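What the coordinates show
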Amino acid sequence: MSISNTTASDELPSVRAAGVQSSLALLARVLLSLIFILSGFSKIADPAGTIAYIQMVGLPFPALAYAGAVVTEVIGGIALLVGFQTRLVALGVAGFSLVTALVFHSQLSDLNQFIHFFKNVAMTGGLLQIAAFGAGAFSVDSRLGER
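Residues numbered from 1 in each chain as written. Predicted model: local features only at pLDDT ≥ 70, side-chain atom pairs only at ≥ 80, totals over all residues. Heavy atoms only, no water.

Rules: UniProt positions are given in the numbering used here, feature names are shortened, and annotations may be inferred rather than shown by experiment.
Looking at an unreviewed UniProt entry, the chain carries the name Inner membrane protein YqjF, with the source organism given as Sinorhizobium medicae. Word for word, the UniProt comment on the chain under Subcellular location (unreviewed entry) is "Cell membrane". Recorded in UniProt for the chain, the comment headed Sequence similarities (unreviewed entry) runs: "Belongs to the DoxX family."

Below, the structure is given as structure tokens:
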């Protein structure tokens, strides 16, 4: 039998650290999800313009690509926001972000496209962090007992 010399005050930093970690995980999900949700709704507001842009880069089935982008951004963004199926959603949206960078922002000699390309790459990195470490305590996944 062992006797622990641990007191409540010894455990307090780890409780605080867990609270900070959960709060930061929530903040990361909120900040990353906003760009997808807003972008998805802007596509809904201008389907013709979005489809024309998709056609301009030469993707096949532009109407289908449009629908896929809207679903990915709006539904994926909301799922990320609330922390539902977070790891899977983060992986999917990360893939979407990387493909979008390569297809729509590959003209790196254009400063605007260069910035958009690396913004997407950075978002992909953040999403991979979420996929690796999960949604945190403040999430639907946590409520459902998923890690």
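So, the side chain of D141
Put simply, the rule is: Counting from the N terminus, the helices are the DSSP runs of H or I reaching at least four residues and the strands are the DSSP runs of E reaching at least two. Between buried and exposed lies partly exposed: a residue is buried under 20% and exposed over 50% of the maximum accessible area for its type, with that area taken using a 1.4 Å probe on protein chains only. Positive: Lys, Arg. Negative: Asp, Glu. His and the chain ends are not part of the count. Salt bridge, as used here, is a side-chain nitrogen of Lys or Arg placed within 4 Å of a carboxyl oxygen of Asp or Glu. Each polar contact in these results corresponds to two N or O atoms within 3.5 Å; when the atoms are within protein, one needs to be able to donate a hydrogen and the other to accept it, and residues that are neighboring in sequence are counted only if both atoms are side-chain atoms. In this description, contact between two residues means that some pair of their heavy atoms is separated by no more than 4.5 Å.
Inspection of the secondary structure assignment puts D141 in helix α6 (residues 140-143). In this structure D141 is buried but unpaired, with R87 as the nearest side chain of opposite charge at 6.6 Å. A distance of 2.7 Å separates a polar atom in the side chain of D141 from a polar atom in the side chain of T86. Among all residues touching D141, those that are not within four sequence positions of it are G83, F84, Q85, T86, A135 and E146.

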